[in-house]
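Observations on the three-dimensional arrangement
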Amino acid sequence: MKILANDGISQNGIAALENAGFDVLTTTVAQEQLANYINDKKVDALLVRSATKVRKELIDACPTLKLIGRGGVGMDNIDVDYAKAKDIHVINTPAASSESVAELVFAHLFGGARFLYDANRNMPLEGDSNFKGLKKSYSKGTELRGKTLGILGFGNIGQATAKLAIGVGMNVIYFDPEVKETNIDLSFFDGQKMTFDLKSSKKSDLLEKADYISLHIPGQDNYVLGKTEFAQMKKGVGIVNAARGGVLDEVALIEALENGSVSFAGLDVYESEPSPEIKILMHSSISLSPHIGAATLEAQERIGLELAEQIISLLK
């Protein structure tokens, strides 16, 4: 059987699949050429990340496909229900990249609380000529410890983010209509463990109480945070979106940053990705990263191995 990892797969994932007798192709095929390539090579399984789209047209055009795999959590780039109706297995790796995304959220939070997103822009330009001025400009940072982090969406990534927040000493509140209450288990370096019992708040309560808000929800038809929600937030809140572009109204965000109701934002995903709006890219109060939440070496190895294990289980 042939597997096309069109957006790449880790070496340990390739090794596991090849040891099980699969032929793994790692050629990156352009979207418009993908159907022809799959049919020509008689590909049985197509593995993608976020770049490749697997829509109805591709599924209909590729009768050899038995499985579609998404290396990551969200599957909004795949017509999942349609594929399943065609008796095609659809798999993903919902937990493999949780810690990586959570750590990036905190990279943005720590950088935001201490103005690193702006200092890293200005130090190369003025560090030698205006050191004291820059020091004064960035001397009103705040600590995360003791602050409240509001998490919108409490699946695997939201819970991984909560664990880091608790470790930092933050108060954690969350909103998720699908997760009314849950236990968060923290494991420490010496083998000790602690359990925290959390219950979902009302969304309105979270918006009013949170000092920082982190989004961890799948793609939506409408904004989860827009002008109405910004008006309900605590003045000076910091916001991080490492979930999906389109869940946060970027026009409303710019307005909130300009009027001071939001102090900073950290964005890893964008409404117009892969071509973010210039107002977002150039704004001095936005910390930016290019959709790299799950892009750590450790996460890629976990993703590759988890995909391989599922494929072997389903197709062998």
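It should be noted that the structure appears before, not after, this text.
For clarity, every value in this text was computed on a predicted model and none was experimentally measured.

**Regarding unusual backbone geometry**
Keep in mind that most residues, glycine aside, have a negative phi and that most peptide bonds are trans. Look at the link from Glu 273 to Pro 274: it is a cis peptide, with omega at 15°. Note on placement: Pro 274 falls in the loop between β12 (262-267) and α12 (278-282). A positive phi angle, close to 55°, is found at Lys 42, a residue other than glycine. On the secondary structure map, Lys 42 appears in the loop between α2 (34-41) and β3 (45-48). The class for Lys 42 is exposed, based on a relative accessible area of 56%.

**A short note on the pattern of salt bridges**
For side chains of opposite charge, pairing can occur when their charged atoms come near one another. If you walk through the whole model with that rule in mind, you get seven salt bridges. Lys 66 serves as the salt-bridge partner of Asp 44, at 2.5 Å between the closest nitrogen and oxygen. Within this pair, whereas Asp 44 is found in the loop between α2 and β3, its partner Lys 66 is found in the loop between α3 (56-61) and β4 (67-70), the two being separated by 22 residues in sequence. For Lys 66, a relative accessible area of 33% gives the class partly exposed. Put simply, Asp 211 and Lys 234 hold a salt bridge, and the shortest N to O gap is 3.0 Å. Pair noted here: Asp 211 is in the loop between α9 (203-209) and β10 (212-215) and Lys 234 is in the loop between α10 (227-232) and β11 (237-241), with a separation of 23 residues, a long-range link. Judged by relative accessible area, Asp 211 falls into the buried class, the value being 18%. Given the relative accessible area of 33%, Lys 234 is considered partly exposed.

**Some remarks on helix α6 (residues 116-126)**
Of all the residues in α6, the buried ones are Tyr 117, Asp 118, Ala 119 and Asn 122. In this fold, the buried residues of α6 make contact with α5 (98-113), α7 (131-137), β12 and β13 (286-288).

**Observations regarding the layout of surface pockets**
Of the pockets and cavities examined, the second largest pocket occupies roughly 230 Å³. As for the second largest pocket, its lining consists of 17 residues, of which Thr 142, Tyr 212, Gly 236, Ser 263 and Phe 264 are closest to the centre. Elements that contribute at least two residues to the lining of the second largest pocket include exactly α5 and β12. Looking at the lining of the second largest pocket, its residues break down into seven nonpolar, five polar and five charged.

**Quick word on the sheet that holds strand β5 (residues 89-92)**
Each strand in a sheet pairs with another by means of backbone hydrogen bonds, the pair being arranged parallel or else antiparallel. Pairing is parallel across the open sheet formed by five strands, whose spatial order is β2-β1-β3-β4-β5. Two strands bound the open sheet, and with one partner strand each, they are β2 (23-25) and β5. In this sheet, adjacent strand axes meet at a mean angle of 20° when their direction is disregarded. Sheet topology places β3 next to β4; four bridges connect them, and they run parallel. Across the sheet, the residue bridging to Leu 47 is Gly 69, located in β4. On top of the sheet, helix α13 (residues 297-315) reaches β1 (2-5), β3, β4 and β5; it is set at about 155° to β5, its chief contact.

Reading the values: rules and limits
- Residues numbered from 1 in each chain as written.
- Predicted model: local features only at pLDDT ≥ 70, side-chain atom pairs only at ≥ 80, totals over all residues.
- Heavy atoms only, no water.
- Helix = DSSP H or I, 4+ residues; strand = E, 2+ residues; numbered from the N terminus.
- Buried < 20%, exposed > 50% of the residue type's maximum accessible area, 1.4 Å probe, protein only.
- Salt bridge = Lys/Arg side-chain N within 4 Å of Asp/Glu carboxyl O.
- Contact = heavy atoms within 4.5 Å.
- 1 Å grid on protein atoms, 1.4 Å probe; cavity = no way out; pocket = protein on both sides within 12 Å on 5 of 7 lines; lining within 4 Å.
- Points joined across faces, edges and corners; volume = space filled by probe spheres on them.
- Nonpolar A, V, L, I, M, F, W, Y, C, P; charged D, E, K, R; others polar.
- Pairing = 2+ DSSP bridges.
- Axes fitted to C-alpha atoms, helices over the stretch in contact; angles between N-to-C directions.

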